[in-house]
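Single-letter residue listing:
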Amino acid sequence: MQIVLIIFVLFTFVLTLLYSHIANQAHIYQNILLLEQQKNLEIVLIHYYQKTLKDDILLSDDYEDEYVSIRYEVETEDTNYLITTEINIFNIEYSFICEIETENYQVIHFEYRKEPI
């Protein structure tokens, strides 16, 4: 009788550990997807900045959606545009600075900021 009880306790322990591991992996996978979404958003924004600067005038603006809020400020320096962007996606706030040349519209500097604007 004690052997059956020990086997049952071990089986329950293993199932609990397995469930905990699967839940942990699912959480990690969701975080990876969120990071990929953030990176894709940054790539799209920088491409948008370059295209708009090349074809038109890029002015400071903001955009809000149900889960995403984007605000960027454009400053013109001598030979560069300095664009500071603040992003709030799924209640995660961060910002970055992007510096783009005025002649060929290439990104010459990209830096994440530790604190939002």
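Conventions and cut-offs
- Residues numbered from 1 in each chain as written.
- Predicted model: local features only at pLDDT ≥ 70, side-chain atom pairs only at ≥ 80, totals over all residues.
- Heavy atoms only, no water.
- Helix = DSSP H or I, 4+ residues; strand = E, 2+ residues; numbered from the N terminus.
- Buried < 20%, exposed > 50% of the residue type's maximum accessible area, 1.4 Å probe, protein only.
- Contact = heavy atoms within 4.5 Å.
- Salt bridge = Lys/Arg side-chain N within 4 Å of Asp/Glu carboxyl O.
- Phe/Tyr/Trp six-rings, centres within 6.5 Å; stacked < 30°, edge-to-face > 60°.
- Pairing = 2+ DSSP bridges.
- Axes fitted to C-alpha atoms, helices over the stretch in contact; angles between N-to-C directions.
- Patch = residues over 30% accessible without salt bridge, like charges linked within 9 Å, V, L, I, M, F, W, Y side chains within 5 Å.
- Areas by Shrake-Rupley, 256 points an atom, 1.4 Å probe, with all protein chains shown as cover.

Draft legend 1. Here's a closer look at the side chain of Thr-52. Turning to its location among the elements, Thr-52 is positioned in helix H1 (residues 2-55). Thr-52 gets classed as buried once you look at its relative accessible area, which sits at 13%. Not counting residues up to four positions away in its chain, the partners in contact with Thr-52 are Ile-57 and Leu-58.

Draft legend 2. Main features of the pattern of salt bridges. Following the criterion strictly, the structure yields 4 salt bridges and no others. A salt bridge links Glu-86 to Arg-71, with the nearest nitrogen and oxygen atoms 3.6 Å apart. Of this pair, Glu-86 sits in strand S3 (residues 80-89) while Arg-71 sits in strand S2 (residues 68-76), and the two are 15 residues apart along the sequence. Using a relative accessible area of 14% as the deciding quantity, one classes Glu-86 as buried. One continuous salt-bridge network, built from bridges that share partners, spans Arg-71, Glu-73 and Glu-86.

Draft legend 3. Structural context of the packing of aromatic side chains. This model, assessed by the stated rule, comprises 6 aromatic pairs. Here Tyr-48 and Tyr-49 contribute two aromatic rings whose centre-to-centre distance is 6.2 Å and whose plane-to-plane angle is 55°, an arrangement assigned as tilted. The exposure class assigned to Tyr-49 is buried, which follows from its relative accessible area of 0%. Here a set of aromatic residues connected by ring pairs shows up, and it is made of Tyr-94, Phe-96, Phe-110 and Tyr-112.

Draft legend 4. Just the pairing of strand S4 (residues 92-101), in detail. Burial analysis of S4 places 7 of its 10 residues in the buried class, the great majority of the element. In terms of strand pairing, S3 meets S4 through 10 bridges, oriented antiparallel. Residue pairing across strands places Ile-83 opposite Cys-98, the latter belonging to S4. Taking the residues between adjacent antiparallel strands as the criterion, S4 and strand S5 (residues 107-113) are bridged by 5 residues, where Tyr-105 takes a positive phi near 60°.

Draft legend 5. Region of the structure containing the sheet that holds S3. With antiparallel pairing, 5 strands are arranged side by side in an open sheet as S1-S2-S3-S4-S5. Whereas interior strands pair on both sides, the edge strands pair on one side only; in this sheet they are strand S1 (61-64) and S5. Ignoring which end each strand starts from, the neighbouring axes of this sheet average 15° apart. Bridge count between S2 and S3: 9 bridges; the pairing is antiparallel. The residue bridging Arg-71 from the neighbouring strand is Glu-86, located in S3. Packing against the sheet, H1 makes contact with S2, S3, S4 and S5, and its axis sits at approximately 35° to S4.

Draft legend 6. Highlighting a nonpolar patch on the surface. Side chains of Phe-11, Leu-15, Leu-18 and Ile-22 sit close together on the surface and give an oily, nonpolar patch of about 400 Å² of accessible area. Relative to the helices and strands, Ile-22 resides in helix H1.

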